[in-house]
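# Residue-level structural notes
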Amino acid sequence: MKIRLGIPKGSLQEATTQLFARAGLSIFITSRSYFATTGDPEIECMLIRAQEMARYVEHGVLDAGLTGLDWVVESGLEVVTVSDLIYAKQSRGKVRWVLAVPEDSPYQRAEDLDNSIVATELVSVTRKYFESKNVAVQVEFSWGATEVKPPMLADAIVEVTETGSSLKANRLRIIDTVLESNTQIIANKKAWCDSDKRRKIENLALMLRGAMDAQDRVGLMLNVRKQDLAGVLAVLPALKNPTISTLSDEDWVAVNTIIEESTAWQIIPRLKEAKGQGIVEYPLNKVVM
């Protein structure tokens with residue numbers, strides 16, 4: 001049994017292959033090829049543009065794929081949403097499709113754009129957005145460089161942004177958010193009904209989420225006398241409760257927990273003050289909830 005998995009080609013490709021590597025599954029991509037191999041003989045990959053991923057998953061060319069919620073909604077196709085993976089090209093957050101206008105334009109809200117031209121790559125979603133507000137606009141498909149079109153080629157744009165820096169650089173002002181999006185694992189309905197393929201896809205999602213949850217977190221281990229345990233626990237934040245283990249010396253226990261890496265430099269000195277000993281910070285590969 002093999003599954004064919006779609007990897008997004010383009011802006012998400014590098015972030016996606018890095019995530020797979022952290023999850024323990026290397027993807028081997030050769031130049032000028034749209035096919036890739038993996039460290040798992042049961043998973044073969046194709047590089048597909050995120051905009052087209054839902055189509056090929058829905059048609060059954062791919063058993064599963066990674067793409068954005070935005071392109072699934074835009075396609076209008078029926079696929080199974082397996083899992084959300086909150087990462088983007090530059091960050092671990094969601095992206096936004098925003099309605100933007102020139103800084104010096106009189107437009108303050110979507111309703112002000114009646115009878116205007118709006119350029120975007122997300123045509124269907126944009127049309128539905130304006131229809132929901134009963135605003136008549138001409139939505140034109142943009143092949144790229146959408147930010148440079150106002151005011152000469154369009155009155156406004158709907159464009160995706162992580163930080164807003166590109167919009168600001170092109171002297172554009174955001175007046176509304178049309179859609180929030182994040183990366184998803186989607187699956188073909190027939191493949192999802194196949195128990196073997198479904199288990200493989202679910203396990204893949206589990207490992208990818210585990211790698212994401214481990215990012216920016218570290219593990220902490222330390223020993224402490226039982227009489228000082230309460231003071232140590234008062235210092236520690238944790239996903240749930242720290243793990244407490246008995247040692248060969250009955251007066252001592254070992255404490256194991258997970259913390260945000262950015263807080264370690266504050267927490268470790270406080271643990272020492274609380275009479276913790278043998279404090280070890282260690283990296284994490286995966287955290288499976």
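Higher on the page you've got the structure.
Residues numbered from 1 in each chain as written. Predicted model: local features only at pLDDT ≥ 70, side-chain atom pairs only at ≥ 80, totals over all residues. Heavy atoms only, no water.

Sheet topology places strand E8 (residues 117–120) next to strand E9 (residues 138–141); four bridges connect them, and they run parallel. Across the sheet, Ile 117 pairs through a bridge with Gln 138, a residue of E9. The parallel pair E8 and E9 is bridged by helix H4 (residues 123–132), and the resulting crossover is right-handed. Relative to strand E10 (residues 156–161), E8 runs parallel, the two being bridged by three bridges. Looking at the pairing, Ala 119 lines up with Ile 157 of E10. (Pairing = 2+ DSSP bridges. Helix = DSSP H or I, 4+ residues; strand = E, 2+ residues; numbered from the N terminus. Right-handed = clockwise from strand over helix to strand, strands pointing away.)

This paragraph deals with the nonpolar core. Core analysis: the largest hydrophobic core is formed by 29 residues, its most contacted members being Leu 5 and Phe 20. If you list the elements that add at least two residues to this core, you get strand E1 (3–9), helix H1 (13–23), strand E4 (43–49), strand E5 (64–68), strand E6 (80–85), strand E12 (183–187) and helix H7 (195–214). Tallying contributions element by element places H7 first for this core, with six residues. Discounting residues that sit within four places of it in the chain, Phe 20 has contacts with Leu 5, Ile 7, Leu 25, Ile 27, Leu 66, Leu 204 and Leu 208. Of all hydrophobic cores here, the second largest spans 19 residues; its members include Trp 97, Val 118, Ala 156 and Val 158. (Core = buried A, V, L, I, M, F, W, Y, C linked by side-chain atoms within 4.5 Å. Buried < 20%, exposed > 50% of the residue type's maximum accessible area, 1.4 Å probe, protein only. Contact = heavy atoms within 4.5 Å.)

To continue, consider the sheet that holds strand E3 (residues 35–38). Read across the sheet, seven strands follow the order E2-E3-E4-E1-E5-E12-E6 without closing on themselves; strand pairing throughout is mixed. One side of each edge strand has no neighbouring strand; the edge strands of this open sheet are strand E2 (27–29) and E6. Neighbour-to-neighbour, the strand axes of this sheet turn through a mean angle of 30 degrees, independent of strand direction. Bridge analysis of E1 against E5 gives two bridges, and the strand direction is parallel. By the bridge assignment, Gly 6 is partnered in E5 with Gly 65. Strand contacts of helix H2 (residues 50–59): E1, E4, E5 and E12, with the helix running at about 130 degrees to E4, the strand carrying the most contacts. Each of E1, E4, E5, E6 and E12 is contacted by H7, which is oriented at about 15 degrees to E6, the strand it contacts most. (Axes fitted to C-alpha atoms, helices over the stretch in contact; angles between N-to-C directions.)

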